[in-house]
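# Topology and contacts: notes
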Amino acid sequence: MDAPSSRYPAALNRAPGIAGRRESCGETEADARNTKTHFRVCRFIMELGVKLCMRSVPVATACVLYHRFFKRASVGAYEPYLVAMSCVYLAGKVEEQHIRTRDIINVSHRYFNSGSCPLECDKEFWELRDSVVQCELLVLRQLNFHVSVEHPHKYLLHYLLSVSSLVNRHAWSRTPVAETSWALLRDCYHGDTCIRHTPQHIAIATLYLAINSYGVELPVGEKEWWQALCDDVTKEDIDTIISELLQLYDMEAKCI
Amino acid sequence: MDRDLLRHCLLYHGPSLFNTLKCEQTENPDFQELLSELDKALHESGFGEPNNPLVEQFIARKADILFSPAWKTAKVKEGDEEPEEEAAEPYAVMPPLELFMEVSQEERRSILYRDLEKGDVVVGRISNIRDYGFFLKVVCMAGGLKRDIEDLELSALCHISEIPSHRSHDDPLSYFQINDLVRAGVKDIDRYEEKITLSLRPASLSHSWKHLKLGVITREELPVQYSRSISAASNTAETYECILGGCHGYHNPCVVDYLLDKLGVSDTQPPSMMRGLQSKLFKEEDFAAAIRKKQSTSWALKCVRAGVDHFKHGRHVEAMNEYNKALEIDTNNVEALVARGALYANKGSIMKAITDFELALENSPDHRNAKKYLCQTLVERGKQLEGQEKLVTAEGLYRRALSLDDSNPEAKEALNKITDTIQKSIRLREEALAKEPVKAKSGETSAEKLRKILKEEKRMKKKRKRSSSSSSTSSTRSSSSPHSQSSRKRSKKKKKKERRSEHASKRQRRISSRESRKGEEGKCEKSRKGREEEEEDDEVEWFPAPPNTSATFLNSGGPVFGMMNEEGVDGKSAKDRICQLYSLSAASEDEDSESSYRENKRRDRKESKTRKCTLGHSPESPRWNKDGVNMGKERKIDDDSKRSGIDEKQKLSQSEQSWKNNFTGSASRPPENRTRPDSSISKTFDGGRYQIKEWEGFQAAGQVTPVKPRPEEQCSASIPGKRPGNAETNNPRPKKELPANLLDIFNQIAQFEKEKGGKAKK
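Definitions and cut-offs
Residues numbered from 1 in each chain as written. Chains lettered and ligands numbered in written order. Predicted model: local features only at pLDDT ≥ 70, side-chain atom pairs only at ≥ 80, totals over all residues. Heavy atoms only, no water. UniProt positions renumbered as here; feature names shortened; annotations may be inferred. Helix = DSSP H or I, 4+ residues; strand = E, 2+ residues; numbered from the N terminus. Buried < 20%, exposed > 50% of the residue type's maximum accessible area, 1.4 Å probe, protein only. Contact = heavy atoms within 4.5 Å. Areas by Shrake-Rupley, 256 points an atom, 1.4 Å probe, with all protein chains shown as cover. Buried area = accessible area lost by both parts, 1.4 Å probe. Salt bridge = Lys/Arg side-chain N within 4 Å of Asp/Glu carboxyl O. Phe/Tyr/Trp six-rings, centres within 6.5 Å; stacked < 30°, edge-to-face > 60°. Patch = residues over 30% accessible without salt bridge, like charges linked within 9 Å, V, L, I, M, F, W, Y side chains within 5 Å. Lys, Arg positive; Asp, Glu negative; His and termini not counted. Charge placed at Lys NZ, Arg CZ, Asp CG, Glu CD. Axes fitted to C-alpha atoms, helices over the stretch in contact; angles between N-to-C directions. Parallel < 35°, antiparallel > 145°, perpendicular 65-115°, else oblique. Nonpolar A, V, L, I, M, F, W, Y, C, P; charged D, E, K, R; others polar. Expected span 1.5 Å × (residues − 1). pLDDT = per-residue confidence, 0-100. Core = buried A, V, L, I, M, F, W, Y, C linked by side-chain atoms within 4.5 Å. Left-handed = near helix turned anticlockwise from the far one by under 90°.

You'll find chain B entered in an unreviewed UniProt entry as S1 motif domain-containing protein, with Gouania willdenowi given as the organism.

You'll find chain A entered in an unreviewed UniProt entry as Cyclin-Q, with Gouania willdenowi given as the organism. According to UniProt, the comment filed for chain A under the heading Sequence similarities (unreviewed entry) is "Belongs to the cyclin family. Cyclin-like FAM58 subfamily."

Rendered as structure tokens:
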């Protein structure tokens with residue numbers, strides 16, 4: 001199903017002609033470019049999420065669907081921004097926070113043509129809408145209709161509660177561990193960390209990073225607190241995830 | 001930058017972080033300020049723990065966000081409600097993490113004493129009861145902290161004074177037994193001595209735990225986290241994760257939102273460490289809702305334009321469809337509403353048009369076309385109402401129309417026309433009203449006329465004394481304008497003078513009945529016309545009459561004519577008052593006619609104000625005038641005037657009654673009305689004149705038959721001694737003789753006065 005993507009590129013000013021350049025470069029370069037593209041598109045999804053007042057979990061679902069989609073499909077074959085819009089639409093349905101296509105199209109249009117007037121109810125609008133809906137079906141098929149995702153968010157919140165009981169309440173209230181870990185968790189969706197690690201590990205890693213950033217002291221027993229929370233996580237796992245996160249932050253400076 | 005946080009972090013990580021920080025945060029001015037301070041702190045503390053370079057890198061890069069004071073937004077919500085059953089828990093309540101971490105006893109003990117605070121709740125088992133209190137072996141925490149402390153064998157004391165006694169003579173300790181599970185609040189902690197003091201008083205609990213019941217509890221009431229920890233401790237295979245997955249609350253679909261709320265993290269303005277996703281960078285107009293609104297307006301406008309086009313070509317049905325479509329896309333779209341309103345007005349559905357315009361103006365009060373069209377439509381509607389004789393409503397509409405668009409000539413013209421019409425109609429009615437009393441008046445006897453004159457005289461004098469011209473003008477005006485009108489004004493002011501003016505109430509009663517007859521127009525007129533004059537009128541009348549009233553009165557000639565005029569003028573008001581009074585009395589006797597009573601009351605109140613006040617004042621003046629120089633004369637005059645007034649009223653009321661009866665349809669009223677004035681008189685006079693009282697009493701007692709002459713006769717009969725003159729004056733009344741000479745009348749009055757003179761004084 002190639003048709004939908006062809007109608008949309010006219011409105012997109014941001015996506016460079018990745019499809020054209022892929023053949024000419026090597027694999028790693030292509031990969032690098034893809035990563036950048038994916039980063040940009042995921043940034044687009046995150047911004048959409050905020051402007052559509054979506055909760056963290058549906059946004060995370062959208063990103064996961066996007067990453068999973070492009071694990072199997074090639075970036076050249078499908079327009080990534082269109083896929084992103086459809087993933088947002090689909091994620092809203094999956095996580096029970098339904099978003100109207102009209103809103104998605106409006107916000108996206110404004111994202112690409114900043115400061116422009118809203119679209120009129122004309123041919124272009126209806127074509128865009130058709131594209132989004134058809135691409136949604138495409139995404140579903142590509143993912144074999146496995147669209148329910150388990151997220152680290154629930155784990156992170158429970159871990160936060162348990163850890164906070166170990167710490168002096170005043171010290172805890174002074175230290176913004178909860179916000180930091182939540183921010184880190186949201187940000188990790190820019191990359192494919194979310195599909196390469198289990199949700200518990202991601203939750204542990206973000207909490208670890210947040211706690212250590214502020215130097216919060218926790219009691220030490222036979223096990224470390226993160227070991228107690230999740231038995232199969234290792235220090236290496238944590239470190240891997242943290243380094244991926246740091247790479248994402250670095251990429252921000254390069255891509256955007 | 002939050003200094004304390006930063007310092008703490010540096011001390012934790014050591015100098016390597018400090019160096020990395022320095023490299024990364026060279027541009028950050030806040031950090032540069034703190035550099036020296038932090039340097040010093042580091043040197044003092046020594047080295048930190050060996051650290052993770054990745055973490056340090058992260059901190060270094062994101063220090064400006066991490067340590068920014070604005071970053072900390074979360075506000076933890078204390079105090080969860082323990083649900084009655086496990087299935088109802090909103091999230092998974094987990095056993096203390098210490099348990100899973102297998103923290104050593106010493107460590108646990110030390111952190112407990114570090115973190116335990118006053119107001120926390122503990123659950124313990126009673127180990128020992130002494131006469132000064134009991135000792136608890138702490139089992140677990142029930143609020144404030146979640147710690148694994150059972151095996152610490154902590155002992156806490158609850159002093160007997162901290163146990164609220166249920167009954168005054170019972171020993172509170174008798175309720176407790178060894179091994180009872182007790183929930184208590186921490187009253188005091190001695191961290192150094194490691195002593196905990198407990199209390200069972202609810203006041204000892206901190207705010208979040210106030211709902212917990214202190215005292216003996218059952219095993220079932222133990223906190224969930226404790227019971228889970230028991231099972232976890234016994235079974236090492238139960239890891240944190242296992243238990244978490246097994247908790248019912250974990251599978252709550254709303255658990256994320258609930259916990260976010262509990263922790264105080266916002267999901268609508270989510271935090272992010274990405275520089276491009278900081279919430280302040282998002283503009284309101286980029287959000288979906290704002291764009292949608294703009295878009296709806298634009299789409300609706302398109303439909304409206306199409307609709308206007310249809311309308312211009314006469315295709316009204318299509319035009320209406322387009323407008324409705326536009327309003328579906330964007331409800332309350334101003335242009336669509338205005339266009340639809342115009343179409344409605346064109347079709348003739350004026351009310352729908354007005355609704356639409358009003359709605360449009362609500363949303364945008366300065367819309368020129370909306371105002372213009374609404375003005376025109378209101379004028380149109382006003383004309384319709386005029387046709388239906390709803391003049392006042394129409395007038396209101398014209399005014400509104402003019403307020404919207406004051407350049408509209410049609411509106412102005414219509415407004416002027418209608419005000420004229422209303423005034424005319426009121427005047428007509430007044431004239432009609434006036435004609436009736438005039439007719440009745442022709443049948444008056446000399447006595448009646450005399451009374452009238454006297455009353456008027458007194459009134460005028462009072463007014464003159466008070467405020468020269470205004471009162472006369474007001475009285476004149478009031479008499480010329482419909483009685484109801486004047487009475488209405490009076491009635492409005494009457495409310496202020498409730499205490500003093502029983503008379504006024506009567507007048508109002510009378511007036512209100514007239515008002516009902518007159519309808520809206522009268523009311524409008526009254527309200528619009530100078531109420532102040534009425535007020536002045538009333539005010540004036542309540543003051544004592546000038547002492548030399550009698551003198552001027554007795555001068556024939558000039559004053560007579562004046563009085564004649566006034567009488568003519570006031571006669572109507574006098575009649576009104578009489579009618580009021582009579583209607584009052586009627587109402588008082590007739591329990592069925594409550595409304596009419598009230599009407600009459602109001603009328604009477606007003607009328608009595610002008611008239612009764614004079615009456616009232618006349619008796620009052622003797623009372624107030626201690627020296628009593630003019631007492632006798634005044635009294636005479638007062639009595640006469642009173643009586644004449646009453647008689648006049650009675651006479652007037654006869655005619656009035658018939659007239660009134662046509663409208664009110666209550667035949668029994670007239671006689672009742674007649675009794676009324678008496679009661680009203682007495683009331684106004686603050687129970688002064690006993691004659692009146694008696695008269696009234698008698699009248700009130702026996703009035704049932706609608707025979708008009710009777711009350712007069714009764715009057716005369718009941719108080720023969722007091723008012724022999726009445727009989728005399730009363731008798732001629734039914735015959736309706738016309739006195740040939742006013743002087744005769746005066747003489748008669750003088751006669752009465754003489755007779756009544758002594759008795760009048762009280």
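Once that is clear, we can look at the overall build of chain B. Across its full length, chain B holds 32 helices and six strands. Relative to its 762 residues, chain B shows a buried fraction of 53%. In chain B, the share of contacts with a sequence separation of at least 24, taken over all contacts with a separation of at least 6, comes to 77%. Carbon and sulfur atoms make up 51% of the accessible area of chain B, which totals about 33400 Å².

The subject of this paragraph is the overall build of chain A. The helix and strand inventory of chain A stands at 14 helices and zero strands. The buried share of chain A, taken over its 256 residues, is 63%. Intrachain contacts of chain A at a sequence separation of at least 6 include 79% that bridge at least 24 residues. When the accessible area of chain A is evaluated, it comes to approximately 9600 Å², of which 48% is carbon and sulfur surface.

Another point: the interface of chain B and chain A. Facing 76 residues of chain B, the contacting portion of chain A comprises 83 residues. When chain B packs against chain A, the two sides together hide about 7300 Å² of surface, and 60% of this comes from carbon and sulfur. A per-residue breakdown of the area chain B buries against chain A is headed by Met 101, Met 274 and Arg 292 of chain B, which together make up 10% of the total. If you look at where chain B meets chain A, you find six salt bridges. Notably, a salt bridge pairs Arg 110 of chain A with Asp 286 of chain B, separated by 2.5 Å at the nearest N-O pair.

All names here are of chain B. The feature "repeat: TPR" (unreviewed entry), as annotated in UniProt, sits at residues 300-333 and 334-367 in this numbering. Helix makes up 79% of residues 300-333 and strand 0%. Its end C-alpha atoms lie 7 Å apart. In residues 334-367, helix accounts for 82% and strand for 0%; the two terminal C-alpha atoms are 8 Å from one another.

Now for the packing of aromatic side chains. To describe a pair of aromatic rings, you give the distance between the ring centres and the angle between the ring planes. Residue and element names in this part refer to chain A. Enumeration over the complete set of coordinates arrives at 23 aromatic pairs over all chains. Summarising the aromatic geometry, the rings of Tyr 155 and Tyr 159 are spaced 6.2 Å apart at their centres and angled 40 degrees between planes, so their arrangement reads as tilted. One end of the pair, Tyr 155, and the other, Tyr 159, are both in helix α8 (residues 152-164), four residues apart, so they sit about a helical turn from each other. Assessed through its relative accessible area of 6%, Tyr 155 is described here as buried.

For the rest of this paragraph, the subject is the pattern of salt bridges. Residues and elements named next belong to chain A. Inspection of the entire model under this criterion finds 32 salt bridges over all chains. Residue Glu 136 pairs with Lys 93 through a salt bridge whose shortest N-O separation is 2.9 Å. Here Glu 136 is found in helix α7 (residues 123-142), whereas its partner Lys 93 is found in helix α5 (residues 80-94), with 43 residues between them in sequence. Classification of Glu 136 by relative accessible area gives buried; the value is 8%.

Before going further, it helps to examine a negative patch on the surface. Judged by side-chain charge, Asp 188, Asp 190, Glu 193 and Glu 194 of chain B come together as a negatively charged surface patch. What makes Glu 193 of chain B partly exposed here is its relative accessible area of 47%.

Right, let's get into unusual backbone geometry. The phi torsion at Asn 144 of chain A lies on the positive side, around 55 degrees, for a residue other than glycine. When you line up the elements, Asn 144 of chain A lands in the loop between α7 and α8. Look at Asn 144 of chain A and you get partly exposed, because its relative accessible area is 47%. For Glu 153 of chain B, which is not a glycine, the phi torsion comes out positive at approximately 55 degrees. Checked against the element boundaries, Glu 153 of chain B lands in the loop between β2 (133-143) and β3 (155-159).

Okay, the packing of α5 of chain A against α7 of chain A next. Residue and element names in this part refer to chain A. At a minimum axis separation of 8 Å, α5 and α7 run at an interaxial angle of 75 degrees. The angle between the axes of α5 and α7 places the two elements in the roughly perpendicular class. Residues Leu 82, Val 83, Met 85, Ser 86, Cys 87, Tyr 89, Leu 90 and Lys 93 of α5 pack against Ser 131, Val 132, Cys 135, Glu 136, Val 139 and Leu 140 of α7. A per-class count over the contact of α5 with α7 returns 10 nonpolar, two polar and two charged.

Looking now at α7 of chain A. Residues separated by three or four positions in an α-helix point in the same direction, a consequence of the helix having 3.6 residues per turn. With 20 residues, α7 of chain A should cover 28 Å at 1.5 Å per step; its first-to-last C-alpha distance of 28 Å lies within 8% of that length. Within α7 of chain A, the full set of buried residues consists of Phe 125, Leu 128, Ser 131, Val 132, Cys 135, Glu 136, Leu 138, Val 139 and Leu 140 of chain A.

To continue, consider the confidence of the model for chain A. Residues and elements named next belong to chain A. The share of residues in chain A with pLDDT of 70 or more is 89%, and the mean pLDDT across the chain is 88. The least confident element of chain A, judged by mean pLDDT, is helix α1 (residues 3-7) at 40; the most confident is α5 at 96. Below pLDDT 50 for its whole length, residues 1-23 participates in 40 contacts with residues either more than four positions away or in separate chains.

Further remarks concern the nonpolar core. Counting 146 residues, the largest nonpolar core has Leu 207 and Trp 225 of chain A together with Phe 67 and Leu 97 of chain B as its most contacted members. Setting aside residues up to four positions removed in sequence, Leu 207 of chain A forms contacts with Leu 156, Tyr 159, Leu 160, Val 163, Val 177, Ser 181, Trp 225 and Leu 229 of chain A. If you look at the next biggest cluster of nonpolar residues, it comprises 40 residues, including Val 304, Leu 337, Leu 374 and Leu 378 of chain B.

Every buried residue of helix α6 (residues 105-115) of chain B is listed here: Arg 108, Ile 111, Leu 112, Tyr 113 and Asp 115 of chain B. On its buried face, α6 of chain B is in contact with α9 (169-174) of chain A together with α5 (97-101), β2, β4 (181-190) and β5 (195-199) of chain B.

Bringing the packing of helix α12 (residues 334-347) of chain B against helix α13 (residues 350-363) of chain B into the picture now. All names here are of chain B. Close contact between α12 and α13 brings their axes to 8 Å; oriented N to C, the two are set at 160 degrees. Here α13 runs roughly antiparallel to α12, going by the angle between their axes. For the crossing formed where α12 meets α13, the hand is left-handed. Counting all contacts with α12, which are made through Val 334, Leu 337, Val 338, Arg 340, Gly 341, Ala 342, Tyr 344 and Ala 345, the residues of α13 involved are Lys 352, Ala 353, Asp 356, Phe 357, Leu 359, Ala 360 and Asn 363. The residue inventory of the contact of α12 with α13, partitioned by class, reads 10 nonpolar, two polar and three charged.

The subject of this paragraph is the environment of Val 122 of chain B. Residues and elements named next belong to chain B. Mapped onto the secondary structure, Val 122 falls in strand β1 (residues 121-130). For the pair Val 122 and Ala 184, spaced 62 residues apart in the sequence, the C-alpha separation amounts to 5.5 Å. In this structure Val 122 touches Val 138, Cys 140, Met 141, Ala 142, Val 182, Arg 183, Ala 184, Val 186 and Leu 198, once residues within four positions along its chain are discounted.

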